[in-house]
Amino acid sequence: MSFRNPRSDLGLAARSRVGRPRRDLGCVPLTVGGLDRAACLEAATAFLIGLWHSGHDPRTLLPPFEVVTA
């Protein structure tokens, strides 16, 4: 499933620029939607960080990376 906005090459250039520091750190940036999904992503991230901070492994709630990127 692709969330790329076909109406704008500017969006693709922006994602490439934002993703570069993550790639430099050895991470793989994932496109998970536009700004309309930012609030959901932020809430999910806060929840997972809260689990991690309290000593739990949030990865047990997430699908394997290979499944998400397939």
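Residues numbered from 1 in each chain as written. Predicted model: local features only at pLDDT ≥ 70, side-chain atom pairs only at ≥ 80, totals over all residues. Heavy atoms only, no water.

Draft legend 1. Spotlight on the overall build of the protein. Regarding its fold elements, the protein presents three helices and zero strands. Counting across all 70 residues of the protein, residues that qualify as buried make up 6%. About 6200 Å² of surface is accessible on the protein, with carbon and sulfur atoms providing 63% of the total. (Helix = DSSP H or I, 4+ residues; strand = E, 2+ residues; numbered from the N terminus. Buried < 20%, exposed > 50% of the residue type's maximum accessible area, 1.4 Å probe, protein only. Areas by Shrake-Rupley, 256 points an atom, 1.4 Å probe, with all protein chains shown as cover.)

Draft legend 2. Molecular detail of the pattern of salt bridges. Counted according to the given criterion, the structure contains one salt bridge. For R59, the salt bridge is made with D57, and the minimal N-O distance between the two is 3.0 Å. With relative accessibility at 64%, the residue R59 sits in the exposed group. Residue classification places D57 among the partly exposed residues on the basis of a relative accessible area of 35%. (Salt bridge = Lys/Arg side-chain N within 4 Å of Asp/Glu carboxyl O.)

Draft legend 3. Local environment of the environment of V18. In this structure, V18 sits in helix α1 (residues 9-24). Taking the relative accessible area as the measure of exposure, V18 reaches 49% and is therefore partly exposed. Taking the C-alpha atoms as reference, V18 lies 8.8 Å from P29; in sequence the two are 11 residues apart.

Draft legend 4. Representation of a nonpolar patch on the surface within the structure. On the surface, V28, L30, V32, L41, F65 and V68 cluster together to form a nonpolar patch covering roughly 500 Å² of accessible area. Relative to the helices and strands, L41 is located in helix α2 (residues 38-53). (Patch = residues over 30% accessible without salt bridge, like charges linked within 9 Å, V, L, I, M, F, W, Y side chains within 5 Å.)

Draft legend 5. Expanded view of the confidence of the model for the protein. Summary statistics for the protein give a mean pLDDT of 82 and a share of 86% for residues scoring 70 or more. Per-residue pLDDT, averaged within each element of the protein, yields its smallest value for α1 (81) and its largest for α2 (92). (pLDDT = per-residue confidence, 0-100.)

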